[in-house]
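Examining the three-dimensional arrangement
Here's the letter readout for the chains.
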Amino acid sequence: MPVDLMTQLLSLENWLGFDIDDDGRVLAGCDAPGSTQLFELAGDAAPRQLTDLPTRCSGRYVPGRRMILVSHDDGGNERSQISTLDPDDPQLRLEPLVHDPAYQHVIHDVTATELVYSTNRRNGVDMDLVVRNLDDGSERVVYDRGGYAVGAAVSNDRETIAFTRLTAKPISTAIDLVRGGEVSTLTDPDAHARHSLVGFTPDDSALLLASNHDRDMTAIVSYDLNSGEPTTLVADDDHELDAALSKDGSTLLVRTMINGSELLSLHEPDGQLRATVDLPVGIVVAPVWAADGSAVLVTHTGPTAPTAIFRIDARTGRTERVTGTEVSAGLRDHLVDCRVDWVPTSDGEQIPVFVYPGRTDHPQSVAALQGASVIHIHGGPEGMSSRQFQSVIQALAIYGLTVVVPNVRGSAGYGKRWVSLDDVEKRLDSVGDLAALHAWLPSQGLDASRSALWGASYGGYMVLAGVSMQPELWAAGVDIVGMSSLVTFLENTAPYRRQAREREYGSLEHDRAMLEAASPITYLDQIRASLMIIHGANDPRVPLSEAEQIAAALESKGIPHQLKVYADEGHGLAKRANRMDAYPAAYRFLKEQLAKG
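Residues numbered from 1 in each chain as written. Predicted model: local features only at pLDDT ≥ 70, side-chain atom pairs only at ≥ 80, totals over all residues. Heavy atoms only, no water.

**Overview of the side chain of H108**
Looking at where H108 falls in the secondary structure, it is placed in strand β9 (residues 105-110). In this structure the side chain of H108 is engaged in a polar contact, spanning 2.8 Å, whose partner is the side chain of S118. When sequence neighbours within four positions are dropped, the list of residues in contact with H108 reads R60, V116, Y117, S118, L129, A149, V150, G151 and A152. (Helix = DSSP H or I, 4+ residues; strand = E, 2+ residues; numbered from the N terminus. Polar contact = N/O pair within 3.5 Å; in protein donor to acceptor, adjacent residues only side chain to side chain. Contact = heavy atoms within 4.5 Å.)

Here is the structure:
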């Protein structure tokens, strides 16, 4: 009997490149053990597993030492702890470095002697910035003025720390500097603008940022640290840019987002183009530079290309595959590529979508599913869908369902205007995009009466919003860690996240009526579609109570539903065993609801 398609796809391992050490060894993550664990790759030797934790983890090398900093939590609760690991220790023992299980500790930068991390241990809410000496264990708090520090970088002379801080405006940040114990702000904290760190120039005279200040599309900008004046280095008026600066300051890797795929290019420090990088359609994750600036490590994935780690030569742009997911020829030949399309809305906007057409020629394709569709919505809300490999989307398409992956208004990657179109009182405009997608389906030869919604986190909210506010449109929904009420979500989410989320959704104090009007549970009596609800018991972002209250309400109304709760998961399903249980069940649920005849 052939192995089930969903099982085959969910069994594929996922790789992620975390770091490169001074000798060229690669620290990578791979979920082959069941959740993402650390592996080291050296030369032609087989990858060597370094950790075997009950939950996923990530890591960084300490420059100049055989030491790894390991970040790990407990069952997906996101209260990350930091430990050290000597990769040459035969026992591979983890030694606690920054541990307090009640709070979160996030690694931002690592030098040969110091660790820069943020933590909410002062009051459980604000994310302060702390520097720890790796030799004597002493610590100094460099920022504790409130708010949420989300990224930090140390200058080359180690005298200055730049960090990104969330501001009160939606999808906006400010860049602060710490030098000699004094904190100053480099960018305008009152502007509706997003800035992210790229790196210090070699002489520390300027700081490079990806910024959309006074523009729609993010550009690469150099801020003079003496005058505070910005200079644009690389810009594209039609596309968003991001970048990573080599540790020696000699090369910029620029990432240009084009219709959910990234074009990579190498630039001189002044922004001049040096070379383009030849990688297939897809995106890259978390570029990491070698210490000498000779190469940059990226993790690449495309619509039909599972994750692979590549090393890019900094002079020529040539790529070398380090390792990656292996796919059998039999499976690879049946993977479904996507096309890019744009869906019109009633108010004149255009929703970008990626369409994976349902197959008819695979041995496991289901004839009764032809013409049915699934709208697969990303989380965020200021996240984005891109042209990357997703096992579930591939399985649904090969089974015969057409999968439509939209970037509804409020999605990142298409400029400041688009990502801002769902802020606060505009929340239901984003939900309205679901109706536009539904109206478009017949033009694609699809049966609009057999369309379902699928989404996780904010995507889960959109599923619940669609079936409750547009009950006549949707035949079924799969809600994964979604919010059933924006009010109870904000009341019960982790305190350190509430302040960050209220700027996007609206505040409990000032916007409660609007939040209630945008909450799916307010429209419970309108729901007709059957629902599958999937949640992790340890989720600190969207608490389990959001799933439990919608399931209880559906039960009281006699609306068909299924609730699957995983005791060892947080915000999403990190463990393969749980994905193997949840996603085939979700497919069977959709098959029952959408099959014709």
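**Some words on the sheet that holds strand β26 (residues 295-302)**
Strand order in this open sheet of four strands is β25-β26-β27-β28, and the pairing throughout is antiparallel. Every interior strand has two partners, whereas the edge strands, β25 (283-289) and β28 (319-324), have only one. Across the sheet, the mean angle from the axis of one strand to that of its neighbour is 25°, orientation sign disregarded. Where β25 and β26 come together, five bridges link them in antiparallel fashion. (Pairing = 2+ DSSP bridges. Axes fitted to C-alpha atoms, helices over the stretch in contact; angles between N-to-C directions.)

**A few points about the state of the cysteines**
Taken as a whole and judged by the stated rule, the model has zero disulfides. C57 carries a free sulfur, and the closest cysteine sulfur to it, the one in C30, is 11 Å from it. Judged by its relative accessible area of 6%, C57 falls in the buried class. (Disulfide = S-S within 2.5 Å. Buried < 20%, exposed > 50% of the residue type's maximum accessible area, 1.4 Å probe, protein only.)

**Describing empty space enclosed by the protein**
Counted under the stated rule, the structure contains one cavity of 30 Å³ or more. Here the largest cavity is characterised by a volume of approximately 60 Å³. As for the largest cavity, its lining consists of 13 residues, and the residues nearest its centre are T55, G76, E569, G570 and A574. When grouped by side-chain class, the residues that make up the lining of the largest cavity number two nonpolar, seven polar and four charged. (1 Å grid on protein atoms, 1.4 Å probe; cavity = no way out; pocket = protein on both sides within 12 Å on 5 of 7 lines; lining within 4 Å. Points joined across faces, edges and corners; volume = space filled by probe spheres on them. Nonpolar A, V, L, I, M, F, W, Y, C, P; charged D, E, K, R; others polar.)

**What to know about the packing of aromatic side chains**
By the definition in use, this model includes eight aromatic pairs. Look at W454 and Y583: their rings are 6.1 Å apart centre to centre, the planes differ by 45°, and that puts the pair in the tilted class. Here the residue W454 occupies a position in strand β33 (residues 451-456), and Y583 occupies one in helix α11 (residues 576-594), the gap between them amounting to 129 residues. For the pair W454 and Y583, one class covers both residues: buried. On the numbers, 6.3 Å between centres and 40° between planes, the contact of Y458 with Y505 is tilted. Of this pair, Y458 sits in helix α6 (residues 458-469) while Y505 sits in helix α8 (residues 495-505), and the two are 47 residues apart along the sequence. Ring pairing ties together the aromatic residues Y458, Y461, F489 and Y505, which thus form one cluster. (Phe/Tyr/Trp six-rings, centres within 6.5 Å; stacked < 30°, edge-to-face > 60°.)

**Considerations on the sheet that holds strand β34 (residues 476-480)**
The mixed open sheet is built from eight strands, whose spatial order is β29-β30-β32-β31-β33-β34-β35-β36. The open sheet is flanked by β29 (339-344) and β36 (561-566), the only strands paired with a single partner. When strand polarity is set aside, the average angle formed by the axes of neighbouring strands in this sheet is 20°. As paired elements, strand β35 (residues 530-536) and β36 share six bridges and run parallel to each other. Along β36, the bridge assignment pairs M532 with Q562. Here helix α5 (residues 427-440) sits on the sheet in contact with β29, β30 (350-356), β31 (373-377), β32 (402-406) and β33, set at roughly 110° to β29. Its contacts with the sheet place α6 against β31, β33, β34 and β35, and it is angled at close to 150° to β33.

**Re the environment of A206**
The residue A206 is located in strand β18 (residues 206-211) in this model. By relative accessible area, which is 7% here, A206 ends up buried. Distance in space between the C-alpha atoms of A206 and G228 is 8.7 Å, their sequence separation being 22 residues. Non-local contacts of A206, meaning those with residues more than four positions away in its chain, are made with G199, F200, T201, S222, Y223, D224 and L225.

**Topic: the pattern of salt bridges**
The tally for this structure, following the rule as stated, stands at 38 salt bridges. Residue R60 is joined to D19 by a salt bridge in which the shortest nitrogen-to-oxygen separation is 3.7 Å. Residue R60 is located in strand β5 (residues 57-61), and its partner D19 is located in strand β1 (residues 15-20); the two are separated by 41 residues in the primary sequence. Under the relative-accessibility criterion, R60 is labelled partly exposed at 24%. Residue D31 is joined to R579 by a salt bridge in which the shortest nitrogen-to-oxygen separation is 3.1 Å. Of the two residues, D31 sits in the loop between β2 (26-30) and β3 (37-41) while R579 sits in helix α11, which places them 548 residues apart along the sequence. Accessibility assignment for this pair places D31 and R579 in one class, buried. Salt bridges sharing partners connect three or more residues here, namely D21, D23, R25, E40, R48, R66 and D88. (Salt bridge = Lys/Arg side-chain N within 4 Å of Asp/Glu carboxyl O.)

**What about the nonpolar core?**
Ranked by size, the top nonpolar core spans 96 residues in total, and within it Y356, L396, W454, Y461, Y583, L590 and L594 carry the most contacts. Per element, the largest residue contribution to this core is eight residues, and it comes from α11. Residues in contact with Y583, not counting those within four places in the same chain, are M6, L10, V392, W454, I480 and L573. Listed in part, the 14 residues of the second largest apolar core include L266, V277, V296 and A308. (Core = buried A, V, L, I, M, F, W, Y, C linked by side-chain atoms within 4.5 Å.)

**Notes on the UniProt feature "domain: Peptidase S9 prolyl oligopeptidase catalytic" (unreviewed entry) in the protein**
The feature "domain: Peptidase S9 prolyl oligopeptidase catalytic" (unreviewed entry), as annotated in UniProt, sits at residues 388-596 in this numbering. The span residues 388-596 carries 46% helix and 14% strand; its end-to-end C-alpha distance comes to 30 Å. (UniProt positions renumbered as here; feature names shortened; annotations may be inferred.)

**Overview of unusual backbone geometry**
For the bond running from G380 to P381, omega is 5°, close enough to zero to count as cis. As for its position among the elements, P381 is in the loop between β31 and α3 (391-399). Positive phi, close to 60°, is recorded for D214, a residue that is not glycine. Note on placement: D214 falls in the loop between β18 and β19 (219-224). A relative accessible area of 69% places D214 in the exposed class.

**Regarding the side chain of S391**
Assignment of secondary structure puts S391 in helix α3. Assessed through its relative accessible area of 16%, S391 is described here as buried.

**Comments concerning α11**
An ideal rise of 1.5 Å per residue puts 27 Å on 19 residues; α11 measures up with 26 Å between its terminal C-alpha atoms. If you check which residues of α11 are buried, you get R576, N578, R579, A582, Y583, P584, A585, A586, Y587, F589, L590 and L594. (Expected span 1.5 Å × (residues − 1).)

**Let's talk about the domain arrangement of the protein**
Partitioning the protein into structural domains gives domain 1 (239-333) and domain 2 (340-594). The C-alpha-based centres of domain 1 and domain 2 are spaced at 30 Å. Across the boundary between the two partners, domain 1 contributes 16 residues, which contact 14 residues of domain 2. Regarding the contact of domain 1 and domain 2, the summed buried area is about 1100 Å², with carbon and sulfur atoms giving 58% of it. When residues of domain 1 are sorted by the area they lose upon contact with domain 2, E240, N259 and P303 head the list and together hold 43% of the total. The interface formed by domain 1 and domain 2 contains seven residue pairs in polar contact (both at pLDDT 80 or more). (Domains from an automatic or database assignment. Buried area = accessible area lost by both parts, 1.4 Å probe.)

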